[in-house]
Amino acid sequence: MKITMTGTGYVGLVTGACLAEVGNEVLCFDIDRNKIDVLNRGGVPIHEPGLPEMIRRNVVAGRLRFTTEVDLAVAHGTLQFIAVGTPPDEDGSADMKHVIAAARNIGARMTDYKVIVDKSTVPVGTADRVRETIAAELSTRGAKVPFAVVSNPEFLKEGAAIEDFMRPDRVVIGADDERAIMLLRAIYAPFQRSHERLLVMDVRSAELTKYAANAMLATRISFMNELANLAETLGADIEHVRHGIGSDPRIGYQFLYSGAGYGGSCFPKDVRALQFTARQHGQPLRILGAVETVNETQKLRLIDKVVKRLGTDLSGRKIALWGLAFKANTDDMREAPSQAIVGGLVEHGAAIVAYDPVAMEEAGRVFASMPGISFAASPLDALTGADALVVVTEWQEFRSPDFGEIKRRLKHPLVFDGRNLYDPLLARAAGLEYFGIGRP
């Protein structure tokens, strides 16, 4: 099937590559010429395990192409996916200008039946706006061309997006056009061979489902972080508590890890956008307000621990920091806890030497105007002569370090574990002074 993907960001690239992988002819369109040039030269502008290889083999096979030509993009696909950014405005609402611009481009050029698929995370009611925009463009042209607008939200985890797309838990389709539903069933059939995973519902329910999912996951994280802070005060161990409640099948183990707070491009933005929508309709979501407040406070928790141990004046202190990306297996620094942690430690006078396996180039841009931070070539290099180690991101290569080598390289054997990666007993047995999150 011929598919056009408008937007070559995280969602657009992964979706386009995976759809090409099963035999579709996918044309990815973007107005950013630099990004398209990188892709046409064989590069990939984001870090996602397995994505470069998938893009390369589908480009070679002729199933995946990239363009900045909007006329070509609209003419190509019967299915027109919109996967553009919806960044937050100052009031927390999602900025819809890119989505509406994409719809306008389609309406101004389409000459035959199209299914417009909203893949971006968008507020409830966006499909109606897209439909109205396209209808207005057709009316301006005096054209009568049939089309359908569908909501098909993505549920991809950064760092595991290929696996999530190729083996989905569910595929949500919000539509009322039978022909559009049939086409979407066809393109998703290869991804659900073992059993039906496609959930068809009305458009507004599909749009809300995406926000509700991310809000629920963010809520679990903030709940566990609050509980961890209480556990620490009470002398309990949050890891034992996590196992105790996670074994209840009504709760499960997913997203029960306490730590330095959540970040990234989805949870913070979507929690705020859902709150904005709720306030607009006179139904404020008070729980989500608390979730957001707890998360912002939790990002400062490691700073408080360092200051409590080393004093408020950290002038002359060198702090080694492991992990900059908001989570492992990505270079995404958007709203990463590391930004708040680095900023807070520098404000107290500390010098930061940071290491991250893939995010240091992006971190260099994020921290370009901040004095007091430098980057190490390896985790061990960051430790040499440092007064303490602060662990912020749960990268695999940080999970089983040589505690003896850590102690030898540090000036003071202090480890602040913001992801509870280490067993406190083993760390302390190696002579390290260990501080976790929610651990006695």
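That block above? That's the structure.
The paragraphs below set out a description of the structure included in this document. (Residues numbered from 1 in each chain as written. Predicted model: local features only at pLDDT ≥ 70, side-chain atom pairs only at ≥ 80, totals over all residues. Heavy atoms only, no water.)

Along the chain, Glu132 falls in helix α6 (residues 126-141). Remark: the alpha-carbon pair of Glu132 and Ala103, spanning 29 residues in sequence, is separated by 9.3 Å. (Helix = DSSP H or I, 4+ residues; strand = E, 2+ residues; numbered from the N terminus.)

Counting residues in each nonpolar core, the largest one holds 42 residues, and the members touching the most others are Leu19, Phe81 and Tyr188. Sorting elements by how many residues they give to this core places helix α1 (residues 10-21) first, with eight residues. Discounting residues that sit within four places of it in the chain, Tyr188 has contacts with Phe81, Lys119, Asn152, Phe165, Val171, Ile173 and Leu198. With 36 residues, the next largest nonpolar core counts Ala73, Val130, Leu138 and Val145 among its residues. (Core = buried A, V, L, I, M, F, W, Y, C linked by side-chain atoms within 4.5 Å. Buried < 20%, exposed > 50% of the residue type's maximum accessible area, 1.4 Å probe, protein only. Contact = heavy atoms within 4.5 Å.)

What follows is about the side chain of Glu405. Looking at where Glu405 falls in the secondary structure, it is placed in helix α17 (residues 403-409). Separated by 2.8 Å, the side chains of Glu405 and Arg408 make a polar contact. (Polar contact = N/O pair within 3.5 Å; in protein donor to acceptor, adjacent residues only side chain to side chain.)

Along the chain, Asp417 turns up in strand β13 (residues 414-417). Of the side chains with opposite charge, Arg439 lies nearest to the buried Asp417, which makes no salt bridge, at 5.3 Å. Within the local environment of Asp417, its side chain forms a polar contact with the backbone nitrogen of Leu421, the two atoms lying 2.6 Å apart. A distance of 2.7 Å separates a polar atom in the side chain of Asp417 from a polar atom in the side chain of Tyr434. Every residue in contact with Asp417, bar those within four places of it in the chain, is listed here: Leu302, Val391, Tyr422, Tyr434, Phe435, Gly436 and Ile437. (Lys, Arg positive; Asp, Glu negative; His and termini not counted. Salt bridge = Lys/Arg side-chain N within 4 Å of Asp/Glu carboxyl O.)

Running from N to C, helix α9 (residues 203-234) and helix α12 (residues 286-298) point in directions that differ by 55°, and their axes come no closer than 9 Å. Relative to α12, the element α9 is oriented oblique. The way α9 lies across α12 gives a crossing that is left-handed. Of α12, the residues touching α9 (which contributes Ala215, Ala218, Thr219, Ser222, Asn225, Glu226 and Asn229) are Ile287, Leu288, Val291, Val294, Asn295 and Gln298. A class-by-class count of the residues in the contact of α9 with α12 yields six nonpolar, six polar and one charged. (Axes fitted to C-alpha atoms, helices over the stretch in contact; angles between N-to-C directions. Parallel < 35°, antiparallel > 145°, perpendicular 65-115°, else oblique. Left-handed = near helix turned anticlockwise from the far one by under 90°. Nonpolar A, V, L, I, M, F, W, Y, C, P; charged D, E, K, R; others polar.)

By the definition in use, this model includes 28 salt bridges. As a salt-bridge pair, Arg167 and Glu163 come within 3.1 Å of each other at their nearest N and O atoms. The exposure class of Arg167 is exposed, given its relative accessible area of 57%. Glu163 gets classed as partly exposed once you look at its relative accessible area, which sits at 42%. Notably, a salt bridge pairs Arg309 with Glu433, separated by 2.7 Å at the nearest N-O pair. Taken together, the residues span a long stretch of sequence, with Arg309 in helix α13 (residues 301-310) and Glu433 in strand β14 (residues 433-435) at a distance of 124 residues. On the basis of relative accessibility, which here comes to 36%, the residue Arg309 falls in the partly exposed class. The exposure class assigned to Glu433 is partly exposed, which follows from its relative accessible area of 30%. Among the ionic contacts, a cluster of salt bridges with common partners joins Asp128, Arg131 and Arg204.

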